[in-house]
Amino acid sequence: MMIEALLAVTLVGALVTFVAPNRIAGKLAFAISLLPAGLGLWLFSAFDGSGNALLEGELAFESRVEWIQIGEYTVSWFVGLDGISLPLVVLTTILCTLAIVSSWTPIDDRESQFYGLVLFIEANLIGVFAALDFFVWFIFWEAVLIPMYLLIGIWGGPRRKYAAIKFFVYTNVASLLMFGAFIVLVFSLGDAVTSFALPEIATAMLEGGPEAFMGVAGSTIAAAVFVAMFVGFAVKVPVVPFHTWLPDAHVEAPTPASVLLAGVLLKMGTYALLRFNFTMFPEQAEAFAVPIAAIAVISVIYGAMLALAQTDLKRIVAYSSVSSMGYVILGLIAYTQFGVGGATFQMVSHGLISGLMFMAVGVIYNATHTRMVTDMSGMADRMPVAVGILVAGAFGYMGLPLMSGFFGEYAIFFGSFGSGRLPYSQVFTPLAMFGIVIVAGYLLFALQRTVFGPYHLETDYDVGRAPLHDVAPMFVLLAIIIALGVAPELIFEMITDAVDPILENGGEL
Amino acid sequence: MEGLFDYAPAIALFPLAAFVIALAFGPKLPKKGAIPGIVATGGSLLLSLAMLAAVAGGEEGYYHETLFTWAAGDAAGEIGTDAIEFTFGILIDPLAALMLVIVSLVAFLVHVFSLEYMNAEGETGLPRYYAGLGLFTFSMLAFVYADNLLMAFMFFELVGLCSFLLIGFWFRTRSAPSAAKKAFLVTRFGDYFFLIGVVAIAATFGTVQFAGEDSFVAAAAAAIDDGGQLFGFDAETWVTITGLLVLGGVIGKSAQFPLHTWLPDAMEGPTTVSALIHAATMVAAGVYLVARMFGYYALSPTALAIIAFVGGFTALFAATMGVVKDDIKQVLAYSTISQYGYMMLGLGVGGYVAGVFHLMNHAFFKALLFLGSGAVIVLMHHEQDMWKMGGLKDKAPVTYYTFLAGALALAGIVPFSGFWSKDEILYDALIVGLEQPLIMAAYAMGLIAVFFTGFYTFRMVFLTFHGEPRTETAEDPHSVGWAIKAPLLVLGVLATVAGLANLAPVAKLTGAEISFLEYWLDGEYGGLEALTYHSYHETVPFEEGAIGSETTTMLLGAGLSLGLALAGAFTAHALYNVPSPTRHTEKLGGAYDVLRSNYYQDEYQVWLAEGLTLPVARAADRFDQTVIDGAVDGVSSVSLFGGDRVKRIQSGIVTNYAALLVAGFIALLIVLGFLGGWFL
């Protein structure tokens, strides 16, 4: 019942915050969010699961209640955690708390609604990672979009309406594609499945696969479903060429929304790819390995090149997310313990680091009211602590050793270089690795121009030291990033435990 | 003695503690973080000396201990292993113990020197400075005793971070942040290859350990013996490829051609930083790595030859550029590049002892020269142009005589330390070169560079210290205190006598057993068998030749290099040791412009970054905005447009709807009619 408690606390907290007065909403939401964050850490310490949630693993905090009967299919309230989902749930709870604190400065309008929506989005994100019934999962999956749409559309920048609608429609159309494909899959599995429970569907897929359905061969259906779902999730990740909603959404979104968007929402895409495409369709994944690896490499390099061309700090970080998510795809397609495990680790790590980067950029924006690289220089002179953390975060993004990003990337590179499943892996891997040079290029260029050099600001504001509540969340993130970088086994062990069963289905173990 | 090894982790952790203290409490501390730094590096130095004693006095004579597992898992290695562990561990053998002493000694002296150089000058941001020094010392020491390649890579990168932070210390200027960025970017470009190398070695051999039964070096040797294929290459080729990939990192950090361009710019940092990072230790990291995994390179004659050739070429290439520099630190910067070229040359021809010997000597005399130039800069009220100096000899005797000792060592004049190690390198290169034409070319370049080294070194000495003072500042220089003089004296003594560690030519001539460094690195006092000089020497595949006998070859080589060094020094004497020296640049003609512009190396690298990559990035951005995002917006425009047109049917006039209804009904009937075959 712990997951239900987690969800209930967060949802009730969201409702309470909605009706609270604006004046206290920020502090109240922070206080409330400490409950799920604390619960999340408790779940982490009390975790006793093993194996993979979809592949007959021992679930932690499992609960399953029959809910609705639709024709031959049973829909259940079915939640539980394994070594892949737990770190993401903890990431979500921590990042939401920190995002709330980082909103205290920039959000000064309709606060109770803002913080209520943040808590609402948190509840749905927890649901996405915990749900193990497709029906339940899909409700949470879609429900995430609405609060994010509102966060961007109401509290966003000048082009917020365009960005919010683009975000909503683009990802929603992708969801439709994925949803349709999944329903086709369920029907084509025939009598092998009697519910929407993901483990059951995964078992049916791995043991028999789809039958011929409406005159189309089973293998063709499997391939088509794989591709449709891949595209559906790829929009969310996002990978090139489905990425153009992301920079617009980030640039217009208020800082805390950016933190959640980059920190957790993007991971929904890679998480779903891992759970659906790469767990249920190992054969199809192998058949499409080369094009997927090519997409991964293109995302890494092309995304990094785009970041290099930007002059808006937020756009730089946004495009670099495209680049970093490319590594995740490469790790997943490698089908090795280090590849898939490293990809999962990278989801968590990138959530922390990109969250930190968006917060740091936000702190600078709060003070200067501009994000343009050309508008400022020498910020280190006026806000040394905030800039120090920004520099640390930037090096984290570059994959500096002893910070979490390095382990994620190293594990992915190592896992994919030796992969026997991915043809030409010794070519793809070094190509993708060139991203570590470009990332250093654009981040150092940006740092050189904005935070170093003689102090200068185009906008008419007086810049002083950032307040403690702006800086404190970044310190917390930095501490976690360094802890995971020094001792990645903190979560890598449980991740690999959950990854191994996936690899037994044709991967390398 | 063995028990001392248990304290080894503290060697690196002391400076880490100093970093944390300086960062957290620096502004409140009396010397802004200098004291914790001095205490910590002093502690590291004492412990490093203890390690030296423990290696010499212990039964096993080495320390190899895994501290903790960073990450472990299953992974299929190319040679058939099925699991891998990435760990943090410590390996202290004669090489590591020696390097620990060098690094902690230089770091300690630099901290002391900073007391006057930085603190007394009223710098702001001192806590940041000492934090940077502490983090740097930590990273470098951890790198030195890392027991595996991945850990070495990790601290290698951290060293790069520290150099970024310290070069950019004066961040309010425009040039320092730019130089810091360049240093990190250029070395990262090298580290890109290094990381591929690490990944490839791990994926091939299932281990990244430097030493022991399960080291990748041993696995590689076994794979070559088996004669199998690795990733589609035969084993030796694959070892060559991976070795050269790792070498990418070495070329970046040790500023070898063509990735040397960051080092001269890095002189933007405080001179103490130049001494610590860009002379004695960080740049040493690259060459040290080659020595650390020398067993691996020894397996591949191709890789060795490339190391030797790059080294020889860099030695000459950088030395020629040093000839025309006016800034005292720039001369030293190019000499650093050149000297590391010698070390690469030495290692590349299999002269493991010679390379390490020069690494040690160079650390002492180059730290001395940089700190000496720092003292000169203090004397000159922050003037670095040698043409504005002159005549400092009598006004600052301690600085002058210590600097002179460093200069004699750098130029390779007997009996100063640099002579012995450089001579040994050239001798090793010569005997291999007699059998291998490519190595002969590398040797020849190294030999010619000796002349230029002697020339630019003494041009610097004469312009700075001799002649008449050329400015008012030089007439009446600032004074320097004990915190500057003491480190100079310590290093001055070392630069003079460090050669005694390995008087190989004397040993060969007299038969006296005085090649102490060779015995040390050969494991005679303790060490691992696989990491000894003789075991490397057996593996190195080069034939050695001689001109006449071994002794004549040696004497010939030594005479040649000493003669050239003296010739260079005397040329400088003739041109610049006059009361009012002139530039003499017109004698170089067109060559002057080329040298002055550093062979246009910066130009093409900046062009690669700003003239090529940036426009490509901008083009990609335009493509993204117009084509890819245009397609997305296009889809939405089409649907909006379609909706807009279709909605016109909704006119609100009932007769229109009735007409549509009827038309639709008729259309439906016709369709059904066709399908039902009514019209046939």
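The shown structure was predicted, so the numbers you read here are calculated from the model rather than taken from an experiment.

Turning to the pattern of salt bridges, a few remarks are in order. Enumeration over the complete set of coordinates arrives at 19 salt bridges over all chains. Between lysine 166 of chain A and aspartate 629 of chain B there is a salt bridge, with the nearest N and O atoms lying 2.6 Å from each other. Of this pair, lysine 166 of chain A sits in helix α7 (residues 160-188) while aspartate 629 of chain B is found in helix α27 (residues 601-646), placing the two residues in two different chains. In this pair, the class of lysine 166 of chain A matches that of aspartate 629 of chain B, namely buried. As a salt-bridge pair, arginine 382 of chain A and aspartate 381 of chain A come within 3.2 Å of each other at their nearest N and O atoms. Owing to a relative accessible area of 31%, arginine 382 of chain A belongs among the partly exposed residues under this scheme.

Residues and elements named next belong to chain B. Over its 21 residues, helix α14 (residues 328-348) runs 30 Å from end to end, which matches the ideal 30 Å to within 8%, given 1.5 Å per residue. Taken across its 21 residues, α14 has 21 buried, putting it largely inside the fold. The N-capping residue of α14, defined by a side-chain oxygen 2.8 Å from the backbone nitrogen of lysine 329, is aspartate 327.

Right, let's get into the layout of surface pockets. Size it by volume and the second largest pocket reaches roughly 780 Å³. Leu185, Val186, Gln605, Leu608 and Ala609 of chain B are the residues nearest the centre of the second largest pocket, which is lined by 24 residues in total. Of all the elements in the fold, those that place two or more residues in the lining of the second largest pocket are α13 (289-309) and α19 (435-450) of chain A together with α6 (175-205) and α27 of chain B. Broken down by element, the lining of the second largest pocket gets its largest block of residues, nine residues, from α27 of chain B. Looking at side-chain class alone, the lining of the second largest pocket contains 17 nonpolar, four polar and three charged residues.

Right, let's get into empty space enclosed by the protein. All names here are of chain A. Inspection of every chain in the model, using the stated rule, returns 11 cavities of 30 Å³ or more. The computed volume of the largest cavity comes to approximately 80 Å³. Lining the largest cavity, in full, are Leu313, Ile316, Val317, Met357, Val361, Leu390, Ala394, Leu443, Ala446, Leu447 and Thr450. Contributing elements (two or more residues each) for the lining of the largest cavity: α14 (313-334), α15 (337-368), α16 (384-397) and α19. With four residues, α19 is the largest single contributor of residues to the lining of the largest cavity. In this structure, the second largest cavity spans a volume of roughly 60 Å³. Lining the second largest cavity are Ser323, Ser324, Tyr327, Tyr397, Glu409, Gly435, Ile436, Val439 and Tyr442. Mapped onto the lining of the second largest cavity, the elements with two or more residues apiece are α14 and α19. In terms of residue count, α19 provides more of the lining of the second largest cavity than any other element does, four residues in total. Grouping the amino acids of the lining of the second largest cavity by side-chain chemistry returns five nonpolar, three polar and one charged.

This part takes up the pairing of strand β1 (residues 60-70) of chain A. Residues and elements named next belong to chain A. Strand direction decides the pairing type here: β1 and strand β2 (residues 73-81), joined by eight bridges, are antiparallel. In the sheet register, alanine 60 faces β2, and the bridge partner there is leucine 81. Turn length for the β1-β2 hairpin, with the two strands adjacent in sequence and antiparallel, is two residues, and the turn residue glycine 71 shows positive phi of about 55°.

Let us now look at the UniProt feature "domain: NADH:quinone oxidoreductase/Mrp antiporter transmembrane" (unreviewed entry) in chain A. The UniProt record annotates "domain: NADH:quinone oxidoreductase/Mrp antiporter transmembrane" (unreviewed entry) at residues 132-420 of chain A. Counted over residues 132-420 of chain A, helix gives 77% and strand 1%. Its end C-alpha atoms are 30 Å apart.

Criteria and cut-off values
- Numbers given to residues run from 1 along each chain, matching the order in which its sequence is written.
- Throughout, the order in which chains and ligands are written sets their labels, letters from A for the former and numbers from 1 for the latter.
- Local features in this predicted model are restricted to residues of pLDDT 70 or higher, and side-chain atom pairs are both shown and tallied only at a pLDDT of 80 or more, whereas totals for entire chains, interfaces and linings draw on every residue.
- To obtain the side-chain values, all non-hydrogen atoms of the structure were included, while hydrogens and water were left out.
- Take a side-chain nitrogen of Lys or Arg and a carboxyl oxygen of Asp or Glu: if they are within 4 Å of each other, that pair is a salt bridge.
- Secondary structure elements follow DSSP: runs of H or I of four or more residues count as helices, runs of E of two or more count as strands, with numbering from the N terminus.
- Burial classes follow relative accessibility: with a 1.4 Å probe on protein chains only, a residue under 20% of its type's maximum area counts as buried, one over 50% as exposed, and anything between as partly exposed.
- Helix span is expected to be 1.5 Å times the residue number reduced by one.
- Whenever two N or O atoms come within 3.5 Å, that pair is a polar contact, provided that in protein one can donate a hydrogen and the other can accept it, and provided that, for residues adjacent in sequence, both atoms are side-chain atoms.
- Only protein atoms enter the calculation, which uses a 1 Å grid: trapped sets of points that fit a 1.4 Å probe without letting it out are cavities, open sets showing protein on both sides within 12 Å along at least five of seven lines are pockets, and any residue with an atom within 4 Å of a point is a lining residue.
- Grid points are joined across faces, edges and corners, and a volume is the space filled by probe spheres set on the points.
- Polarity classes work like this: nonpolar for Ala, Val, Leu, Ile, Met, Phe, Trp, Tyr, Cys and Pro, charged for Asp, Glu, Lys and Arg, and polar for all others, with Gly in that last group.
- At least two DSSP bridges between two strands are needed for those strands to be called paired.
- UniProt positions are given in the numbering used here, feature names are shortened, and annotations may be inferred rather than shown by experiment.

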